[in-house]
Amino acid sequence: MGFARACSVALVGVEGVVVEVQADLEPGVAAFTLVGLPDKTLVESRDRVRAAVVNSGAPWPQKKLTVGLSPASVPKAGAHFDLAVAAAVLGAAEVVDPGAIADLVLIGELGLDGRVRPVRGILPAVVAAADAGYRQVVVPQQCAAEAALVPEVSVLGVRSLRQLIAVLTDAPVPEEDPPDGEGRPDPMLAGLVLPGAGLGTGLARGGEDAPDFPDLADVAGQHGARRALEVAASGGHHLFLNGPPGAGKTMLAERLPWILPPLTRQDSLEVTAVHSVAGILPPGEPLVSRPPYCAPHHSATMQSLVGGGAGIPRPGAVSLAHKGVLFLDEAAEFSGKVLDALRQPLEAGHVVIARAAGVVRLPARFLMVLAANPCPCGRHTLNGSGCECPTPVIRRYQARLSGPLLDRVDLRVEVEPVTRSDLLGRGGRGEATRDVADRVREARERAAARYAGTPWRLNAEVPGHELRTRWPAGPGALAQAERDLERGLLTARGLDRVLRVAWTVADLRGRDRPEALDAAVALELRTGIARGAALAMGAGS
């Protein structure tokens, strides 16, 4: 009788659980039994592993073979267990030393010819293995760079099962043929990256030198909206752009990720883990360094927005926009239930999805931008435009954005129609993305220095009670906002958000604490009602 064990990782959302893969050989009729709550894909690994082992030149044991996945209570899905199952079987058959694979974490799918195919979720799987105390992992060679992002873990990248057997038996490692043809994509990557991954599905690609770089200077006019965009980026505040079609709402939102600072190391790992599990991590870019940008269509379902699907829930748009921007264009056209599902993620910074297959907690701390027209035809706010929408229709259209959802939005801006002088550039070209990004970075550095030693980094993250007690505003700065609270024009949550925006305005102006003017600007941005406060809040204003 032979016995051996190896380890792999079961992914539940973006978190991993180390699974012990045990192989037991007993005398009897040759059979292959797989136990331990496997899904359909994992059950099919019996045929893949058998063919891969035989085609790699190793003998297949002609005995009763039982492979157990422990703990048995954890659901296990995916083909990435193939490599660990093959190693455990070879260890039980004494083709390789069982002791050499006992503390080895193996992740990878096997082809029938023995090649090791890359799989999704390598980064969170290796992080889970490192947290459990494992220090050696074997992954597909195409995923080795992603696995190497985890510190203090030794990574071995292999292209075939033959190479792994050679390493474990101290034999010469065979060379595997590279992809055929110069410039052709590696066929082993097929199915790893989903088609359509790019702008609007998670990642903002390209750089400042790219010809299609979305420069903020391309937006004609909209000085107030540009300033609001700067405030949103500096403090992490949610933004609502309301205005007629063609005014530049989408252009502004597409340029927001580029004025945000690059992700920190920890944030990059979190974002990369989500995109790796979702299957939209670009090949050759193992670490996401720029804030992601996700813009789902208004026909999106609740599962595609907050996460879900059959079996183990998968990340939705709110998780793909983690640490980045979630842009909901034509927000009034979204389903009311879909929009109201955003309330909890906006407050908590994560989403918890309960399904029959298990409960998954996915990160979802994003900057939300809503864009909507004032009425179905979009011409309600234009003088002499000929809007023929009845008043009840306009009221119902605007009511699609519920009060509780808008109460969580810090900045509300009326986007004005672009004039002829703005289009012809008579008023001068607006500031470039690079200049605005510098001011945003400086404002965030002031906030980070103020909140050093606390769990918060942005003004939008700090609870209102902490701001009022530990970092109070100037004397009388919130007098007008408090009067609005007494009149019922502001909620208690709204007052806290006015204070947070006031701190962001003060950071942009280089002030030590918010004064009456900063609070007035914040109140005007919060309510969308003009109160005579200047929106010129850049450096030197």
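From a predicted model like this one, the values you see are computed outputs, not experimental measurements.

Let's shift gears to the overall build of the chain. Scanning the chain from terminus to terminus reveals 22 helices and 17 strands. Counting the 541 residues in the chain, one finds 51% classified as buried. Expressed as a percentage of contacts within the chain between residues at least 6 apart in sequence, the contacts between residues at least 24 apart total 72%. Total accessible area on the chain is roughly 23,500 Å²; 51% of this is exposed by carbon and sulfur atoms.

So, on to the packing of aromatic side chains. Here the structure, examined in full by the defined rule, presents 3 aromatic pairs. Lying over the aromatic face of tyrosine 451, arginine 450 brings its terminal NZ or CZ to 4.7 Å of the ring centre.

Next up on the list: the side chain of arginine 408. Examined against the element boundaries, arginine 408 turns out to sit in the loop between helix H16 (403–406) and strand E17 (411–414). At 2.8 Å, the side chain of arginine 408 forms a polar contact with the backbone oxygen of proline 404. Once you skip the residues sitting within four places of it in the chain, arginine 408 turns out to touch His238, Arg343, Leu346, Glu347, Arg493 and Arg497.

Next up on the list: the packing of helix H3 (residues 82–92) against helix H7 (residues 161–168). In a pair of packed helices, the angle between the axes and the distance between the axes together describe the arrangement. Following both chains from N to C, one finds H3 and H7 inclined at 45°, their axes separated by 12 Å at the closest point. Comparing their axes, H7 and H3 come out oblique. Both H3 and H7 take part in a crossing whose hand is right-handed. The segment H3 lies against H7, with Leu83, Ala86 and Leu90 engaging Leu161, Leu164 and Ile165. Classifying every residue of the contact of H3 with H7 by side-chain character gives 6 nonpolar, no polar and no charged.

For the structure on display, the rule yields 26 salt bridges. Ionic pairing is found between aspartate 267 and lysine 323, a salt bridge with its closest N-O pair at 3.7 Å. Of the two residues, aspartate 267 is situated in helix H10 (residues 265–278) and lysine 323 in the loop between helix H12 (317–320) and strand E13 (325–328); the sequence distance between them amounts to 56 residues. For the pair aspartate 267 and lysine 323, one class covers both residues: buried. With its nearest N and O atoms 3.4 Å apart, the salt bridge here joins arginine 493 to glutamate 347. On the criterion of sequence distance, the pair formed by arginine 493 in helix H21 (residues 492–509) and glutamate 347 in helix H14 (residues 343–348) is long-range, its members being 146 residues apart.

What follows is about the pairing of strand E1 (residues 2–12). Of all the 11 residues making up E1, 8 are buried; the element is thus mostly covered by neighbouring parts of the structure. When E1 meets strand E2 (residues 15–26), the two strands line up antiparallel, connected through 11 bridges. Directly across from phenylalanine 3, in E2, lies its bridge partner aspartate 24. Adjacent in sequence and paired antiparallel, E1 and E2 are bridged by 2 residues, among which glycine 13 carries a positive phi angle near 75°.

Turning to the pairing of strand E4 (residues 64–70), a few remarks are in order. Taken together, the 7 bridges between E2 and E4 define a ladder with antiparallel strand orientation. Bridge pairing in E4 places glutamine 22 opposite glycine 68. Judged from the 5 bridges that link them, strand E3 (residues 31–35) and E4 form a sheet pairing that is parallel. Its bridge partner being in E4, valine 35 is matched across the sheet by glycine 68.

Time to look at the nonpolar core. Ranked by internal contacts, the top residues of the largest apolar core, which has 59 residues, are Ile107, Leu326, Leu328, Leu342 and Met368. At 7 residues, helix H5 (residues 122–131) tops the list of elements feeding residues into this core. Ignoring sequence-local partners within four residues, the contact set of methionine 368 consists of His238, Leu239, Leu326, Leu328, Leu342, Leu346, Leu405 and Val409. Core analysis: the second largest hydrophobic core is formed by 53 residues, Ala233, Ile259, Phe327 and Ala481 among them.

Where helix H18 (residues 433–450) meets H21, the axes come as close as 8 Å, and the angle between the chain directions of the two elements is 115°. H18 and H21 meet at a crossing whose hand is right-handed. Side by side, H18 and H21 meet where Arg439, Ala443, Arg446, Ala447 and Arg450 of the first sit next to Trp503, Asp507 and Leu508 of the second. Partitioning the contact of H18 with H21 into residue classes produces 4 nonpolar, no polar and 4 charged.

The residue after serine 70, namely proline 71, is reached through a cis peptide bond having omega 10°. Considering the arrangement of structural elements, one finds proline 71 in the loop between E4 and H3. Unlike most non-glycine residues, lysine 323 shows phi in positive territory, near 65°. Despite not being glycine, glutamate 330 shows a phi value in the positive range, around 50°. Relative to the elements of secondary structure, glutamate 330 occurs in the loop between E13 and helix H13 (336–340). Glutamate 330 sits in the partly exposed class, given a relative accessible area of 28%.

This brings us to the confidence of the model for the chain. Here the chain averages 87 in pLDDT, while 89% of its residues score no lower than 70. Contacts of residues 536–541 to residues separated by more than four positions or lying in other chains number 17 contacts, the stretch itself having pLDDT below 50.

What counts and how
Residues numbered from 1 in each chain as written. Predicted model: local features only at pLDDT ≥ 70, side-chain atom pairs only at ≥ 80, totals over all residues. Heavy atoms only, no water. Helix = DSSP H or I, 4+ residues; strand = E, 2+ residues; numbered from the N terminus. Buried < 20%, exposed > 50% of the residue type's maximum accessible area, 1.4 Å probe, protein only. Contact = heavy atoms within 4.5 Å. Areas by Shrake-Rupley, 256 points an atom, 1.4 Å probe, with all protein chains shown as cover. Phe/Tyr/Trp six-rings, centres within 6.5 Å; stacked < 30°, edge-to-face > 60°. Lys NZ or Arg CZ within 6 Å of the ring centre and 35° of its normal. Polar contact = N/O pair within 3.5 Å; in protein donor to acceptor, adjacent residues only side chain to side chain. Axes fitted to C-alpha atoms, helices over the stretch in contact; angles between N-to-C directions. Parallel < 35°, antiparallel > 145°, perpendicular 65-115°, else oblique. Left-handed = near helix turned anticlockwise from the far one by under 90°. Nonpolar A, V, L, I, M, F, W, Y, C, P; charged D, E, K, R; others polar. Salt bridge = Lys/Arg side-chain N within 4 Å of Asp/Glu carboxyl O. Pairing = 2+ DSSP bridges. Core = buried A, V, L, I, M, F, W, Y, C linked by side-chain atoms within 4.5 Å. pLDDT = per-residue confidence, 0-100.

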